[in-house]
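Next come the chains, spelled out residue by residue.
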Amino acid sequence: LAGTAHHVPYTVVWRNVPAGNYVLTAIGTDEFGHVRTSPPVTITVMYPPPPNDNFVNRTVIQGNWISLTNSDIAATSEPGEPNIAGTFWGNSIWWTWTAPVSGRVTLSTTTFLTALGVYAGNSVSHLTELAGGYSTVNFEASAGTIYNLAAVGPGNDVVLELALSNLRIVSPADGSVFVTGSNIPVLAGVTTTEQPVRQVEFFHDGVSLGIVTKPPYTLTWTNVPGGISSLMAVAMDEAGHTRSSPP
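Cut-offs and rules
- Residues numbered from 1 in each chain as written.
- Predicted model: local features only at pLDDT ≥ 70, side-chain atom pairs only at ≥ 80, totals over all residues.
- Heavy atoms only, no water.
- Pairing = 2+ DSSP bridges.
- Helix = DSSP H or I, 4+ residues; strand = E, 2+ residues; numbered from the N terminus.
- Buried < 20%, exposed > 50% of the residue type's maximum accessible area, 1.4 Å probe, protein only.
- Salt bridge = Lys/Arg side-chain N within 4 Å of Asp/Glu carboxyl O.
- Axes fitted to C-alpha atoms, helices over the stretch in contact; angles between N-to-C directions.
- Phe/Tyr/Trp six-rings, centres within 6.5 Å; stacked < 30°, edge-to-face > 60°.
- Lys NZ or Arg CZ within 6 Å of the ring centre and 35° of its normal.

A. Expanded view of the pairing of strand E15 (residues 184-189). As paired elements, strand E14 (residues 168-171) and E15 share three bridges and run antiparallel to each other. Residue pairing in the sheet places Ile169 in a bridge with Ala188 of E15. When E15 meets strand E18 (residues 218-221), the two strands line up antiparallel, connected through four bridges. Residue pairing for E18: Leu187 is matched across the bridge by Thr218.

What follows is the structure in structure tokens.
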């Protein structure tokens, strides 16, 4: 029941109507209690598109660590728009971000089946893809450069995170060779981009080697097994934000 009207004009306001398809009818009752029903009228209520649906209206975001939620429900695909990460979804939303400093950017989302794209260019039909994929993409940003970011998925609230970092494993150098059983000092280079740092955790092949809470951010990996290993450092700042080094 949308409402009841007792006087002319017989009208009611149906408030806060959710999206969907509806059939409307009016039932009139005369002074004798006789009831008459109008022919049905079918209507469709649609979600409004998000404000950053089109490339030209992309939302400006700023900072070296960003977390936001932006719905892509009712978003559309524009003529000439790139196929983001090869997905078949057609409801893209857009942001623009200018790198405050140079560094490695991790762009990620926890939203199911959502693809991400990073582009250079100032027209939706003339964009150059810099990175693309599902869940997480990485790219090297240059200070002062404008990057266009896009997300597309099945229609959800898209949770997006951007982390800019210059965190690196300083030692050992990439490609270093050691004898089985060695004790290897591992040193992470922490920059002002990651500050203020609460801790740095070191990993080999996804297994934690330990946590260091004070500079210099270094520990010794003892009795190293034979084989090829990948080292990574993860810095957590005082706000709980994390940034990872390249392996």
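B. Representation of the pairing of strand E6 (residues 65-71) within the structure. The alternating pattern of E6 places Ile66, Leu68 and Asn70 on a buried face and Trp65, Ser67, Thr69 and Ser71 on a face that is not buried. Pairing analysis gives seven bridges linking E6 to strand E13 (residues 157-165), with the strands arranged antiparallel. Across the sheet, residue Thr69 finds its bridge partner in E13, namely Val159.

C. Representation of the pattern of salt bridges in the model. Within this structure, the stated rule accounts for four salt bridges. Arg36 is the partner of Asp30 in a salt bridge, and the nearest nitrogen-oxygen pair spans 3.3 Å. On the accessibility criterion, Arg36 (55% relative accessible area) is exposed. Glu140 is the partner of Arg168 in a salt bridge, and the nearest nitrogen-oxygen pair spans 3.8 Å. In this pair, Arg168 is assigned in strand E14 and Glu140 in strand E11 (residues 136-141), connecting sequence segments 28 residues apart.

D. Inspection of the sheet that holds strand E9 (residues 115-120) at higher detail. If you walk across this open sheet you meet the five strands as E5-E7-E12-E9-E10, and the pairing is mixed. In the strand order of this sheet, the two ends are held by strand E5 (59-61) and strand E10 (128-134), each with one partner. The mean inter-strand angle of the sheet, taken between neighbouring strand axes irrespective of direction, is 25 degrees. In the sheet, strand E7 (residues 93-98) pairs with strand E12 (residues 146-152) via six bridges, with the strands oriented antiparallel. The residue bridging Trp97 from the neighbouring strand is Tyr147, located in E12.

E. Quick look at the packing of aromatic side chains. Here the structure, examined in full by the defined rule, presents six aromatic pairs. Both rings, one in Trp14 and one in Tyr22, keep their centres 5.0 Å apart while their planes meet at 85 degrees; by these two values the pair is edge-to-face. Taking the relative accessible area as the measure of exposure, Trp14 reaches 34% and is therefore partly exposed. Here a set of aromatic residues connected by ring pairs shows up, and it is made of Phe55, Trp94 and Tyr119. A cation over an aromatic ring shows up here: Arg58 above the ring of Phe55, its NZ or CZ 3.9 Å from the ring centre.

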